[in-house]
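Notes for the structure review
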Amino acid sequence: MRKRYVGAALAAALVMTGCSVGLQGPVDPVGAAPTPSASASAPAGAADGKAPGKGPDTAPDTAAAYRKWGLKPFAAPPAPPKTKPVRTGGGGPVPVISDIPTKDKVVFITIDDGAEKDPKFVEMMRELKIPVTMFLTDSAIRTDYGYFKPLQQLGNGVANHTLTHPNLRTLGAAAQEREICGQQTRLAKEYGTTPRLMRPPFGNWNEDTRAAAGRCGVEAIVLWRESMQITNMQYQRGDKKLHPGDIILAHFRGPSELKGTTMTEMTVNMLRRIQEQGFTVARLEDYV
Ligand SMILES: [Zn+2]
């Protein structure tokens, strides 16, 4: 959706920086963001005890599907924790997380905006059964909410990425609430379930964002540790490695934004980067 507002050349340049950098201003260093409730010892409460999460499937026919996409199957992820390691709020200011406290060699895939709607990506997710969480923006998907329904039906999470993708730090409390609550309402209407997670565009947030999210029924603000580009990830940490519990940011983008690379090719690249570091993919909603 950024292309709607900026020239094509600038959009191509922005691809390399990910959703974290926009035109509206600088990015917060995520390491400086407080994570008040991401305590490993916090009880998760009533959300526990539901159906176990679904990770990558390692059945033989799934192995064939991985070969089709030029990949090796993932190791099965560990069972979801009995107690979610991230405690979420009860209507007050919500926690802000960039990773999940866990020792398991798992990472979490999140995909933002929703501009690219490639049918091949739906086919790929149906075959590979990789859990992803989709942070969707109304202005990017309002012409085709239906594209994401099969992805939701596969068990992938639908989450809030605002109505119009503003830099929330430039907005007052009431306008932030309109952006967040408005998209909660749209997503609930379209997909039949109210999102629990929200990501502020460009990763820009302030205390008004935390308060507004809580008032809108959001339980946690989700940032990221790595940002997938075209073939490689941008790492926030100096060691340029995945760490257990990292949240990875990717985007629904196609060839016009990825220098000719398709959404599925980008996804293959991302899964290879995860595999070659010995990680598997788990479901974010099982941990938050
Ligand atoms: Zn975005």
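Residues numbered from 1 in each chain as written. Predicted model: local features only at pLDDT ≥ 70, side-chain atom pairs only at ≥ 80, totals over all residues.

Scanning the protein from N- to C-terminus turns up eight helices and 10 strands. Across the 288 residues in the protein, those meeting the buried criterion constitute 43%. Residue pairs in contact within the protein that sit at least 24 positions apart in sequence constitute 75% of those at least 6 positions apart. (Helix = DSSP H or I, 4+ residues; strand = E, 2+ residues; numbered from the N terminus. Buried ≥ 20, exposed ≤ 12 C-beta atoms within 10 Å, placed from the backbone. Contact = placed C-beta atoms within 7 Å.)

The next subject is unusual backbone geometry. Within the chain, His165 stands out as a residue other than glycine whose phi angle is a positive 60 degrees. You can see His165 is positioned in the loop between strand E4 (157-160) and helix H6 (173-191). You can call His165 buried: it has 25 C-beta atoms within 10 Å. Phi is positive for Phe202, which is not a glycine, with a value near 65 degrees. On the secondary structure map, Phe202 appears in the loop between strand E5 (197-198) and helix H7 (207-215). Residue class for Phe202 comes out buried when judged on the 23 C-beta atoms lying within 10 Å of it.

Time to look at helix H8 (residues 263-275). Counted at 1.5 Å a residue, the expected span for H8 with its 13 residues is 18 Å, and the 18 Å between its end C-alpha atoms agrees. Buried residues of H8: Met263, Met266, Thr267, Met270, Leu271 and Ile274, and no others. Taken around the axis of H8, the buried residues stretch over an arc of 135 degrees, which confines them to a single face. In this fold, the buried residues of H8 make contact with strand E2 (106-113), helix H3 (119-128), strand E7 (226-228), strand E9 (247-251) and strand E10 (280-281). (Expected span 1.5 Å × (residues − 1). Arc of directions from axis to C-beta.)

Let's shift gears to the environment of Ala115. Structurally, the position occupied by Ala115 is in the loop between E2 and H3. For Ala115, a count of 19 C-beta atoms within 10 Å puts it in the partly exposed group. A C-alpha to C-alpha distance of 9.9 Å links Ala115 and Asp138, two positions 23 residues apart in sequence.

For the pair H6 and H7, the least separation of the axes is 9 Å and the interaxial angle reads 45 degrees. Put simply, H6 runs oblique to H7. Here the hand of the crossing between H6 and H7 comes out right-handed. Across the interface between the two elements, Ala173, Gln176, Glu177 and Ile180 from H6 touch Asp208, Thr209, Ala211, Ala212, Ala213 and Arg215 from H7. (Axes fitted to C-alpha atoms, helices over the stretch in contact; angles between N-to-C directions. Parallel < 35°, antiparallel > 145°, perpendicular 65-115°, else oblique. Left-handed = near helix turned anticlockwise from the far one by under 90°.)

What follows concerns the environment of Met266. Within the element layout of this structure, Met266 appears in helix H8. Sequence separation between Met266 and Thr231 is 35 residues, and the spatial gap between their C-alpha atoms is 6.4 Å. Excluding anything up to four places from it in sequence, Met266 contacts Met228, Ile230, Arg253, Leu258 and Thr261.

Axis separation between H3 and H8 bottoms out at 8 Å; the angle between their running directions is 35 degrees. Residues Lys120, Phe121 and Met124 of H3 form the contact with H8, whose participating residues are Met263, Thr264 and Thr267. In terms of residue class, the contact of H3 with H8 is made up of three nonpolar, two polar and one charged. (Nonpolar A, V, L, I, M, F, W, Y, C, P; charged D, E, K, R; others polar.)

Let's shift gears to the pairing of E4. Of the two faces of E4, the one carrying Gly157 and Ala159 and the one carrying Val158 and Asn160 are both buried. Sheet topology places strand E3 (residues 132-136) next to E4; four bridges connect them, and they run parallel. For Phe135, the partnering residue across the bridge sits in E4 and is Ala159. (Pairing = 2+ DSSP bridges.)

Ile221 and Ile248 are the most contacted members of the largest nonpolar core, which has 61 residues in total. If near-sequence neighbours (up to four positions away) are discounted, Ile248 is found in contact with Val107, Phe108, Ile109, Thr110, Trp224, Glu226, Met228 and Met233. (Core = buried A, V, L, I, M, F, W, Y, C linked by C-beta atoms within 7 Å.)

Across the five residues that make up E9, a large majority, five, are buried. As paired elements, E2 and E9 share five bridges and run parallel to each other. Across the sheet, residue Phe108 finds its bridge partner in E9, namely Ile247. As paired elements, E7 and E9 share two bridges and run parallel to each other. Paired with Glu226 across the bridge in E9 is Ile248.

As a further point, take the confidence of the model for the protein. Here the protein averages 85 in pLDDT, and 78% of its residues register 70 or above. This stretch, residues 1-18, has a pLDDT under 50; its non-local contacts, to residues over four places away or in other chains, come to 25 contacts. Confidence drops under a pLDDT of 50 for residues 20-52, and excluding neighbours within four residues, the segment shows 57 contacts in the predicted structure. (pLDDT = per-residue confidence, 0-100.)

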